Amino acid sequence: MDLLLVYGNTYPMLWPQPSGLSYVARAAREAGHTVRVVDLMFEKDPDAVLAEALAARRWDLVGFSLRNLDTADMRKPLSFVADHVRRVAMALEVAPVVIGGPAVTAAPEALFRRTGATWAIAGHAERGFPQFLEEVATGATSFTTPGLLWREGDAIRVHPPDLAGHTAGIDWSVIDRKKYARSFMAHGLVTKSGCDHACTFCDARVTDGPFTPRDPDAIVEDIVREAREYRLNRREYFFIDACFNQPLDWAKRVLEAIARSGVKVAFSCIVEPTPDLDAEFCRLLRRAGNLMVTGLVGTFHDAPLAALQRPFRLDDIAHAFELFESTGVLYMPQLMLGGPDETRDTVESGLAFLARWKPIMVYPAYGIRVYPRAAIRDRAVADGLVAPDDDLLDPRFYLAPGLDPAWLGARTKGLRAPLWPAVVGWTRYMARAARLWV
């Protein structure tokens, strides 16, 4: 089959490389299909580029990787659903269309209905995609592919998704590395998929499955191969991982393997202040080439942390920040104020707590994007913030009753790390990044 695979992300603030699409493209090629990949990121006129690609030949199938439903930012929400609908309609004029990617996995049936695509695949598609292509090629009207959605008359049929994790690294041969290098975006490195945590604002436990770590030696093999073939060790990596420090023993083994490999690498990753975080892990971060860690701490008060079912409390955050500062790990906490049980008092208390520390940067935000399969949806409905029948394709946000978004905006506007520690921190960051070129 002749396949056109399209990466539909066009928003400059959300520009990670199309890692999931690379998995699917590799699987299709290995199964003997002809694949062309079109990446709409960085294109001045994405619709024109798509139209040109659609007209280039007679395609047997067009696939879209849809990363985001919207910006998930209550301060300035921007939906991408209309763009997805329009581009799928363009493709349907020339070939059947299958949609997949994180946006589909977050709201499978709703986005399938809204776009009018021929099929949709939720979950990890690289193992099931060749099976799907074989079923399409034989003219099947009923399917066995994991995660597939299709229509039978007026009914929509759905198979449970494959959430078994990724067995290989990103296929960089299908990605325009030069464009992403010019964007100063770190290159992605898949270390694991899934998440075991039960945070109510997040749907990862449902949509991505449990922690499925990759073998540390396989991760290092990716780094070595990518250094040899693509010189990616001369660029910063970002570990694609919801919480790199979990499980902690596995994370330590990954860092030890990277340090032993002798390959120069610099990386950032997500580290959450879980109770088991220790100094050994922080020292291994430094040995392996860590530039900075970040994490969605969210809020700095036990009441809203408990309401969100975060796997840590304020004492754990203080312990983590103390470890970072004593071991020289640069860190950037991300805020998400305004969740259940948040009040003006908890916000003020949290900001006072934050003022005690020396992060390299602070990312402030408020309001929680309510996703269809996240537990906070029930709380949002109970609090009258979301209608029970809302499919949540359009952005809806949870903000604790009694909190004024204008007040939160004023309190977080310009929130940043203390000037001198931030200057010192960024100087250290640049010095560490310079190791790549020595």
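In case you missed it, the structure is sitting above this.
Here goes a summary of the coordinates provided. (Residues numbered from 1 in each chain as written. Predicted model: local features only at pLDDT ≥ 70, side-chain atom pairs only at ≥ 80, totals over all residues. Heavy atoms only, no water.)

Turning our eyes to something else, we now look at the overall build of the protein. In terms of helices and strands, the protein carries 17 helices and 16 strands. When each of the 438 residues of the protein is scored for burial, the buried share is 55%. Look at the contacts in the protein between residues 6 or more apart in sequence, and 73% of them connect residues 24 or more apart. Counting only carbon and sulfur atoms, one obtains 54% of the accessible surface of the protein, whose full area is about 18,700 Å². Each charge class in the protein can be summarised by its mean position, and for the 51 positive and 54 negative side chains these summaries are 7 Å apart. (Helix = DSSP H or I, 4+ residues; strand = E, 2+ residues; numbered from the N terminus. Buried < 20%, exposed > 50% of the residue type's maximum accessible area, 1.4 Å probe, protein only. Contact = heavy atoms within 4.5 Å. Areas by Shrake-Rupley, 256 points an atom, 1.4 Å probe, with all protein chains shown as cover. Lys, Arg positive; Asp, Glu negative; His and termini not counted. Charge placed at Lys NZ, Arg CZ, Asp CG, Glu CD.)

Moving on, we come to the nonpolar core. Within the largest apolar cluster, 94 residues are counted, with the highest numbers of intra-cluster contacts made by W119, F129, F132, F244, F281 and F324. The biggest single contributor to this core is helix α10 (residues 248-261), with seven residues. Excluding residues that lie within four positions of it along the chain, F129 makes contacts with L3, L5, V24, A28, L61, V98 and I121. (Core = buried A, V, L, I, M, F, W, Y, C linked by side-chain atoms within 4.5 Å.)

This part covers the pairing of strand β1 (residues 2-7). Across the six residues of β1, six count as buried, placing the element largely inside the fold. The alternating pattern of β1 places D2, L4 and V6 on one face and L3, L5 and Y7 on the opposite face, and all of these are buried. Pairing analysis gives six bridges linking β1 to strand β2 (residues 34-39), with the strands arranged parallel. In the strand pairing of β2, L3 is matched with V35. In this region the chain leaves β1, passes through helix α1 (residues 19-30) and returns to the parallel neighbour β2; the handedness of that crossover is right-handed. (Pairing = 2+ DSSP bridges. Right-handed = clockwise from strand over helix to strand, strands pointing away.)

On to the side chain of T412. Note on placement: T412 falls in helix α16 (residues 405-412). Setting aside anything within four residues of it in sequence, one finds T412 in contact with L337, P364 and Y366.

With that settled, the discussion passes to α16. What α16 keeps buried is the set W407, L408 and T412. Viewed end-on, α16 has its buried residues packed into an arc of 120 degrees, placing them on one side of the element. Facing away from the buried side of α16 by more than 90 degrees, the exposed set consists of A406 and A410. Contacts from the buried residues of α16 go to α14 (344-354). Where α16 starts, the residue carrying a side-chain oxygen 3.0 Å from the main-chain nitrogen of A406 turns out to be D404. After α16 finishes, the residue G414 shows a positive phi value of roughly 75 degrees. (Arc of directions from axis to C-beta. Polar contact = N/O pair within 3.5 Å; in protein donor to acceptor, adjacent residues only side chain to side chain.)

Turning next to unusual backbone geometry. The omega angle of the peptide bond from Q246 to P247 is -10 degrees, so this bond is cis rather than trans. A positive phi angle, close to 55 degrees, is found at Q309, a residue other than glycine. For L392, which is not a glycine, the phi torsion comes out positive at approximately 65 degrees. When you line up the elements, L392 lands in the loop between α15 (376-382) and β16 (397-398).

Looking now at the pattern of salt bridges. When their charged atoms lie close together, side chains carrying opposite charge are able to pair. Applying the stated criterion across every chain, the model contains 23 salt bridges. Note that D47 and R86 form a salt bridge whose closest N and O atoms lie 2.7 Å from each other. Of this pair, D47 sits in helix α2 (residues 46-55) while R86 sits in helix α3 (residues 81-92), placing them 39 residues apart in sequence. In this structure, the salt-bridge partner of D83 is R86, at a minimum N-O distance of 3.0 Å. You can see D83 and its partner R86 sitting in helix α3, three residues apart, about one turn around the helix. A single network of salt bridges, built from pairs that share partners, joins D47, D83, R86 and R87. (Salt bridge = Lys/Arg side-chain N within 4 Å of Asp/Glu carboxyl O.)

Right, let's talk about the sheet that holds strand β12 (residues 267-270) for a bit. Spatial ordering of the open sheet is given by β8-β11-β12-β13-β14, a layout of five strands whose pairing is parallel. Pairing within the sheet leaves two strands with one partner each, and these edge strands are β8 (187-190) and β14 (331-335). If you compare each strand with its neighbour and ignore which way they point, the axes differ by 25 degrees on average. The sheet contact formed by strand β11 (residues 237-240) and β12 spans two bridges and is parallel. When the sheet's bridge partners are listed, F238 is paired in β12 with S268. Of the strands in this sheet, β8 and β11 are in contact with helix α9 (residues 216-230), which crosses β8 at around 150 degrees. (Axes fitted to C-alpha atoms, helices over the stretch in contact; angles between N-to-C directions.)

Before going further, it helps to spend a moment on the packing of α3 against helix α5 (residues 108-115). One can describe the packing of α3 onto α5 by two numbers: an axis separation of 9 Å at closest approach and a directional angle of 55 degrees. Considering the angle they form, α3 stands oblique to α5. Where α3 abuts α5, its residues V81, V85, V88 and L92 lie against L111, R114 and T115. (Parallel < 35°, antiparallel > 145°, perpendicular 65-115°, else oblique.)

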